[in-house]
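One-letter residues, chain by chain:
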Amino acid sequence: MKEVRKGKVIITSAGGGAGKTTKTYRVTIPNTWAQSLGITPEDREILLGIDSDKIILKKSKKPLD
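Because the structure is predicted, anything quoted here is derived from the model rather than measured.

What counts as what
Residues numbered from 1 in each chain as written. Predicted model: local features only at pLDDT ≥ 70, side-chain atom pairs only at ≥ 80, totals over all residues. Heavy atoms only, no water. Helix = DSSP H or I, 4+ residues; strand = E, 2+ residues; numbered from the N terminus. Rg over C-alpha atoms; globule rule 2.2 N^0.38 Å. Buried < 20%, exposed > 50% of the residue type's maximum accessible area, 1.4 Å probe, protein only. Contact = heavy atoms within 4.5 Å. Areas by Shrake-Rupley, 256 points an atom, 1.4 Å probe, with all protein chains shown as cover. Lys, Arg positive; Asp, Glu negative; His and termini not counted. Charge placed at Lys NZ, Arg CZ, Asp CG, Glu CD. Salt bridge = Lys/Arg side-chain N within 4 Å of Asp/Glu carboxyl O. Pairing = 2+ DSSP bridges. Patch = residues over 30% accessible without salt bridge, like charges linked within 9 Å, V, L, I, M, F, W, Y side chains within 5 Å.

Trainee: How do you make sense of the overall build of the protein when you look at a structure like this?
Mentor: Looking only at helices and strands, the protein has 1 helix and 4 strands in total. The C-alpha atoms of the protein give a radius of gyration of 14 Å, which is well past the 11 Å a tight globule of 65 residues would have. When the 65 residues of the protein are sorted by exposure, 8% land in the buried category. Within the protein, residue pairs in contact and separated by at least 24 positions form 9% of the contacts whose partners lie at least 6 positions apart. Summing over all exposed atoms, the protein offers an accessible surface of approximately 6,100 Å²; the carbon and sulfur share of this is 55%. If you average the places of the 13 positive and of the 7 negative side-chain charges in the protein, the two averages end up 8 Å apart.

Trainee: Looking at this structure, I do not really get the pattern of salt bridges. What am I missing?
Mentor: A side chain of one charge can pair with a side chain of the opposite charge if their charged atoms are brought near each other. One pass over the full model with this rule turns up 2 salt bridges. Residue Arg-5 pairs with Glu-3 through a salt bridge whose shortest N-O separation is 2.8 Å. A residue is classified by how much of its surface remains accessible, and Glu-3, at 39% relative accessible area, is partly exposed. With a closest N to O distance of 3.0 Å, Lys-59 and Asp-43 form a salt bridge. Of this pair, Lys-59 sits in strand β4 (residues 54-59) while Asp-43 is found in the loop between α1 (31-37) and β3 (46-51), placing the two residues 16 residues apart along the sequence. The buried category is assigned to Lys-59, whose relative accessible area is 6%.

Trainee: What exactly am I supposed to notice about the pairing of β4 here?
Mentor: Walk down a regular strand and you will see the side chains alternate between the two sheet faces. Pairing of β3 with β4, which is carried by 6 bridges, proceeds in the antiparallel orientation. Pairing of Leu-48 across the sheet is with Leu-57, part of β4. Between β3 and the antiparallel strand that follows it, β4, lie 2 residues; Ser-52 among them carries a positive phi value of about 60°.

Trainee: Help me out: how do you make sense of a nonpolar patch on the surface in this one?
Mentor: Side chains of Ile-29, Leu-48, Ile-50, Ile-55 and Leu-57 sit close together on the surface and give an oily, nonpolar patch of about 520 Å² of accessible area. For the nonpolar patch, the secondary-structure elements that each account for two or more residues are β3 and β4.

See the structure below:
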C-alpha cells in the first residue's frame, strides 16, 4: 500500500421507511485520495467491492479487478 491512514466508521440509524434496527455505515476519505481517483462534485459515481477482509473503492469508469 502506498499510503495508510487511520479512520473511523460513522454509524447512524437509517431514515425513511427502514426498520428500527437498520443502520447506515459511512467512511470518509481524504481529499487528496478523492482527487487522485478523479472524484469531483460533478462526477461522484464509484464502484464498491468486497474481497474477504478488504473493501475496494474505484472510480466507476475503471472496472474492479
